[in-house]
Amino acid sequence: MFPSSALRSSLPGTHAFRSAIVRPPSANFSEGLTREDLGPPDFSLALAQHAQYCAALERCGLQLTRLPADARHPDATFVEDTAVLLPRCRVITRPGANSRLGETDAVRECLSTQGVPLETITTPGTVDGGDICEAGEHVFIGLSARTNAEGAAQLGTLLQAAGYTSSIVDIRGIDGILHLKSGLSWLGERRLLLIDALAGDPAFADYEPVLVESDEAYAANAVRVNDVVFVASGYRRTAARLRELGHALVELDMSEFRKMDGGLSCLSLRY
Ligand code: GLY
């Protein structure tokens, strides 16, 4: 049963997640899309990292729905791109890469079975969930190579009808990030973890920035899960800064997903 009202989390300004959808990588994961030049992922290691990620979600109290791996869609493990799930607005997206369009079917079916009321992004709109950054009652919508203006406008209208405000952040001129959340994470209240290239955007003017140094840019894709923040392991200065600010961290090895242009947030749909 989908919660009709948001439960409080102990992280200020956030609501509690009770559930998540995850999907392990398929054996042909290496055939997915990537702009990275880090070599092919090791499938066994990717499975192990995915299992550790799922275990961390479960330790945070989330009940997982595990979709089967889908070899027809080698990027399907990045399940976050298929939906936007907020307490009052749940939307099946229309991913911006043709090879990923079919990924939404299983997620729609899964959420429908759970009784989640769903809106849908329709053609010619495209939205990848990785471009959508919830910050409580406000939502940042990234315009990217995957999320187009029509998709962003459709989502903005749905959010407004549900009582959320939103703003557009155009990342099309920023090198090195696929999605908005590749360079931005909301940490609760008005605190954002973000890369330098995003810091000057007027959309973030009223927020407290926590800047990620350029050689640790991958760590900007963190994900708060109730009272902890998941961060990729190996980014020592970012982790130290977040601890200094009082955040409890779960550090997870993401090396194989990074090779396929994916981050921590991409691996689950949390609700
Ligand atoms: N491999 C993630 C994406 O390109 O969508």
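Note: the structure precedes this text.
I will try to describe carefully the structure that is included in this document. All of these numbers come straight from a predicted model, not from anything done at the bench.

**With respect to the overall build of the protein chain**
Right, on to step 1. Summing up its helical and strand segments, the protein chain has six helices and 15 strands in all.
Right, on to step 2. Its C-alpha atoms give the protein chain a radius of gyration of 17 Å, within 12% of the compact-globule value 18 Å for 271 residues.
Right, on to step 3. C-alpha atoms of the protein chain, sized along the principal axes, occupy 45 × 40 × 40 Å.
Right, on to step 4. For the protein chain, contacts bridging at least 24 residues in sequence account for 69% of all contacts bridging at least 6.
Right, on to step 5. Where the 25 positive side-chain charges of the protein chain centre and where its 34 negative ones centre are 5 Å apart.

**Some thoughts on the pattern of salt bridges**
Right, on to step 1. For the structure on display, the rule yields 18 salt bridges.
Right, on to step 2. A salt bridge links aspartate 128 to arginine 146, with the nearest nitrogen and oxygen atoms 3.2 Å apart. With aspartate 128 in the loop between β5 (119-120) and β6 (132-135) and arginine 146 in the loop between β7 (138-143) and α3 (149-161), the pair connects residues that are 18 residues apart, well separated along the chain.
Right, on to step 3. For arginine 146, a relative accessible area of 11% gives the class buried.
Right, on to step 4. In this structure, the salt-bridge partner of glutamate 208 is arginine 191, at a minimum N-O distance of 3.0 Å. Highlighted residues: glutamate 208 in strand β11 (residues 208-212) and arginine 191 in strand β10 (residues 191-195), separated in sequence by 17 residues.
Right, on to step 5. Here arginine 191 falls in the buried class, since its relative accessible area comes to 18%.

**Here's the deal with the environment of valine 223**
Right, on to step 1. For valine 223, the position within the fold is in strand β12 (residues 223-225).
Right, on to step 2. Classification of valine 223 by relative accessible area gives buried; the value is 7%.
Right, on to step 3. Excluding anything up to four places from it in sequence, valine 223 contacts Val228, Val229, Phe230, Leu264, Ser265 and Arg270.

**Section: the site of the ligand**
Right, on to step 1. Surrounding the ligand, one finds Leu33, Asp75, Phe78, Arg100, Arg146, Leu178 and Met260.
Right, on to step 2. In the model, an oxygen atom of the ligand is placed 2.6 Å from a nitrogen or oxygen of the arginine 100 side chain.
Right, on to step 3. Between arginine 146 and the ligand, the recorded distance is 2.7 Å, taken from a side-chain N or O atom to an oxygen atom.
Right, on to step 4. Summarising the interface, the protein chains cover 99% of the accessible area of the ligand, which totals 200 Å² for the free molecule.
Right, on to step 5. Along the lines of polarity and charge, the residues of the shell around the ligand split into four nonpolar, no polar and three charged.

**Considering α3**
Right, on to step 1. Helix length check: α3, at 13 residues, gives a terminal C-alpha distance of 18 Å against a target of 18 Å (1.5 Å per residue), a fit within 8%.
Right, on to step 2. Where α3 is buried, its residues meet β3 (83-86), β4 (89-92), β5, β6, β7 and β8 (165-170).
Right, on to step 3. Phi turns positive, to about 90 degrees, at glycine 163, one or two residues after α3.

**Description of helix α5 (residues 236-244)**
Right, on to step 1. Every buried residue of α5 is accounted for by Thr238, Ala239 and Leu242. Burial along α5 is one-sided: seen end-on, the buried residues are contained in an arc of 100 degrees. For α5, exposure combined with an orientation more than 90 degrees from the buried face picks out Arg236 and Glu244.
Right, on to step 2. Positive phi appears at glycine 246, one or two residues downstream of α5, with a value of about 100 degrees.

**Some thoughts on the side chain of serine 167**
Right, on to step 1. Looking at the element boundaries, serine 167 is found in strand β8.
Right, on to step 2. Residue class for serine 167 comes out buried when judged on its relative accessible area of 17%.

**Let's talk about the pairing of β8**
Right, on to step 1. In this sheet, β8 lies alongside β7 in parallel orientation, the contact comprising six bridges. Each bridged residue has a counterpart across the sheet, and for phenylalanine 140 the counterpart in β8 is serine 167.
Right, on to step 2. Tracing the backbone out of β7, into α3 and back to the parallel element β8 gives a crossover that is right-handed.

**Some points on the state of the cysteines**
Cysteine pairs can be linked by a disulfide, which is a covalent bond between their two sulfur atoms.
Right, on to step 1. Under the defined criterion, the tally for this structure stands at zero disulfides.
Right, on to step 2. Free of any disulfide, cysteine 54 has its nearest neighbouring cysteine sulfur in cysteine 60, separated by 12 Å.
Right, on to step 3. With no disulfide of its own, cysteine 110 has cysteine 54 as its nearest cysteine by sulfur position, at a separation of 13 Å.

**Details of the packing of aromatic side chains**
Right, on to step 1. All told, the structure shown has seven aromatic pairs when counted by the stated rule.
Right, on to step 2. Ring geometry for phenylalanine 29 versus phenylalanine 257: centroids 5.4 Å apart, planes at 55 degrees, classification tilted. Remark: phenylalanine 257 occurs in helix α6 (residues 255-258) and phenylalanine 29 occurs in the loop between β1 (19-22) and α1 (43-59); sequence separation between them is 228 residues.
Right, on to step 3. For phenylalanine 257, a relative accessible area of 0% puts it in the buried group.

The rules behind the values
Residues numbered from 1 in each chain as written. Predicted model: local features only at pLDDT ≥ 70, side-chain atom pairs only at ≥ 80, totals over all residues. Heavy atoms only, no water. Helix = DSSP H or I, 4+ residues; strand = E, 2+ residues; numbered from the N terminus. Rg over C-alpha atoms; globule rule 2.2 N^0.38 Å. Contact = heavy atoms within 4.5 Å. Lys, Arg positive; Asp, Glu negative; His and termini not counted. Charge placed at Lys NZ, Arg CZ, Asp CG, Glu CD. Salt bridge = Lys/Arg side-chain N within 4 Å of Asp/Glu carboxyl O. Buried < 20%, exposed > 50% of the residue type's maximum accessible area, 1.4 Å probe, protein only. Near = heavy atom within 4 Å. Polar contact = N/O pair within 3.5 Å; in protein donor to acceptor, adjacent residues only side chain to side chain. Areas by Shrake-Rupley, 256 points an atom, 1.4 Å probe, with all protein chains shown as cover. Nonpolar A, V, L, I, M, F, W, Y, C, P; charged D, E, K, R; others polar. Expected span 1.5 Å × (residues − 1). Arc of directions from axis to C-beta. Pairing = 2+ DSSP bridges. Right-handed = clockwise from strand over helix to strand, strands pointing away. Disulfide = S-S within 2.5 Å. Phe/Tyr/Trp six-rings, centres within 6.5 Å; stacked < 30°, edge-to-face > 60°.

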